[in-house]
Amino acid sequence: MKKLIFSIFDHSGNASKPFRENGWTVIQIDIKNGTDLLTFDFVKALRDNSDISDVLPEVGIIAMIPCTAYALCGNRHKKEPSRIEIFKESQILTTKIKEVVDFFDRLGVLKFWMVENPMSDIHTHNKWLGKPRQRFDPCDFAGYDPIPDNSRYNKKTWLWGNFNLMQNKRLEPFEKENPGWKNLGGKSERTKELRSITPLGFAYAFYEANK
């Protein structure tokens, strides 16, 4: 049976890299890469990736939802008009994720699904997510990273969904604070992209638990 993963808001490709390396068909859906979640044809993608006997592939869904609207560290800004608009847009995207999860679940082909955010209140606005299933810092999985030092930092991250829990391979962080804030300050879109790149230690840990 084919294995297909939809990797949503995975601009860098890091989140899906271990799956791609191990034979999964990976479809990255990120508007920065030219693919809009809201207009993407999931039915066609499923049909195009079924085998010649029309056996449907096993499907995984990972969604690294943009955190601007939900991150707890930005609570003091959430009533600003610009943030209210971002929240409305984020809710539309998060609701679409639910539709996609429900669709593949009804078909009986969904192997796992996972939503990622830094420590956030996304689940209080989207009750279908339930409580966070796993909480971690990237350094908890640094031992999985091909270059372990790249994951040896703190950044409180939460996961929701239906997936197998990851096993720690912790290496102590180089410093207590999240270096993304110290070394990548500012509000530019490029800065936000760099701060949100998925650490490979986490990506490989998730793959090992859910392959």
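Each value, and the rule that gives it
Residues numbered from 1 in each chain as written. Predicted model: local features only at pLDDT ≥ 70, side-chain atom pairs only at ≥ 80, totals over all residues. Heavy atoms only, no water. Salt bridge = Lys/Arg side-chain N within 4 Å of Asp/Glu carboxyl O. Helix = DSSP H or I, 4+ residues; strand = E, 2+ residues; numbered from the N terminus. Buried < 20%, exposed > 50% of the residue type's maximum accessible area, 1.4 Å probe, protein only. Contact = heavy atoms within 4.5 Å.

Remarks on the pattern of salt bridges
Between side chains of opposite charge, pairing is possible as soon as their charged atoms come close. Throughout the structure, instances matching the rule amount to 10 salt bridges. Of the charged contacts in the structure, one is a salt bridge between aspartate 137 and lysine 156, with a shortest N-O distance of 3.1 Å. With aspartate 137 in the loop between strand S5 (134-136) and strand S6 (157-162) and lysine 156 in the loop between S5 and S6, the pair connects residues that are 19 residues apart, well separated along the chain. By relative accessible area, aspartate 137 is classed as buried at 7%. Close ionic contact of aspartate 140 with arginine 170 constitutes a salt bridge, the shortest N to O distance being 2.5 Å. Residue aspartate 140 is found in the loop between S5 and S6, and its partner arginine 170 is found in the loop between S6 and helix H5 (179-183); the two are separated by 30 residues along the sequence. Among the residues examined, aspartate 140 registers a relative accessible area of 10% and is labelled buried. Taken together, the shared-partner salt bridges connect Asp140, Arg170 and Glu172 into one network.

Brief notes about helix H7 (residues 200-210)
Of all the 11 residues making up H7, 10 are buried; the element is thus mostly covered by neighbouring parts of the structure. Among the residues making up H7, those that are buried are Leu200, Gly201, Phe202, Ala203, Tyr204, Ala205, Phe206, Tyr207, Ala209 and Asn210. Its buried side turned inward, H7 meets helix H1 (17-21), strand S3 (58-64), strand S4 (110-118), S5 and S6.

Any functional reading would require information that these geometric values do not contain.
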